[in-house]
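Coordinates in review
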Amino acid sequence: MENKYKIQEIHKSELFGIIVEAGCGGVIANELYQIDGSSNTILFSEQPYSKEIQREKGYLPEGSKSISTDFIYNTTKKLEEKYPQTNFIITATFQLGGGDKLAHGWISYKR
């Protein structure tokens, strides 16, 4: 694994937070989970894929798209208020390209 030593350093650090990835799966969280010590770093991670669950959780305002700064902002704000014991929140939402569509999305790191 290419990032093994970097991830080990993250797990030994004081970082402790939440990872939310909507769209193309949990690639950020998955990388961290593959190396021992991830429970020292991650309170929880989630992949709220459908708009219904995103709205139910309060992450996605009515009329907004999942791949938007609205999703990023609302998700981060809601989690920051609910889990003050964390010192980082990563929120990502992206879509892979295909055919005539370009890959696009947003990533936020709040510390």
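Quick caveat: nothing in here was measured; it's all calculated off a predicted structure.

So, on to the pattern of salt bridges. Inspection of every chain in the model, using the stated rule, returns 4 salt bridges. Measuring nitrogen to oxygen at the nearest pair gives 3.5 Å for the salt bridge that ties Arg55 to Glu62. With a closest N to O distance of 3.3 Å, Lys77 and Glu81 form a salt bridge. Within this pair, Lys77 and its partner Glu81 are both found in helix α4 (residues 69-82), separated by 4 residues, close to a single helical turn.

The tally for this structure, following the rule as stated, stands at 3 aromatic pairs. A centroid spacing of 6.2 Å and a plane angle of 85 degrees characterise the contact between Tyr59 and Phe71, whose relative ring orientation is edge-to-face. Pair noted here: Tyr59 is in the loop between α3 (51-56) and α4 and Phe71 is in helix α4, with a separation of 12 residues, a long-range link. Phe71 matches Tyr59 in its accessibility class, with the two residues each being buried. Taking 6.2 Å as the distance between ring centres and 20 degrees as the angle between the ring planes, the aromatic pair formed by Phe88 and Tyr109 counts as stacked. Separated by 21 residues along the polypeptide, Phe88 in strand β3 (residues 88-95) and Tyr109 in strand β4 (residues 104-110) bring together distant segments of the chain. Assessed through its relative accessible area of 47%, Tyr109 is described here as partly exposed.

Conventions and cut-offs
Residues numbered from 1 in each chain as written. Predicted model: local features only at pLDDT ≥ 70, side-chain atom pairs only at ≥ 80, totals over all residues. Heavy atoms only, no water. Salt bridge = Lys/Arg side-chain N within 4 Å of Asp/Glu carboxyl O. Helix = DSSP H or I, 4+ residues; strand = E, 2+ residues; numbered from the N terminus. Phe/Tyr/Trp six-rings, centres within 6.5 Å; stacked < 30°, edge-to-face > 60°. Buried < 20%, exposed > 50% of the residue type's maximum accessible area, 1.4 Å probe, protein only.

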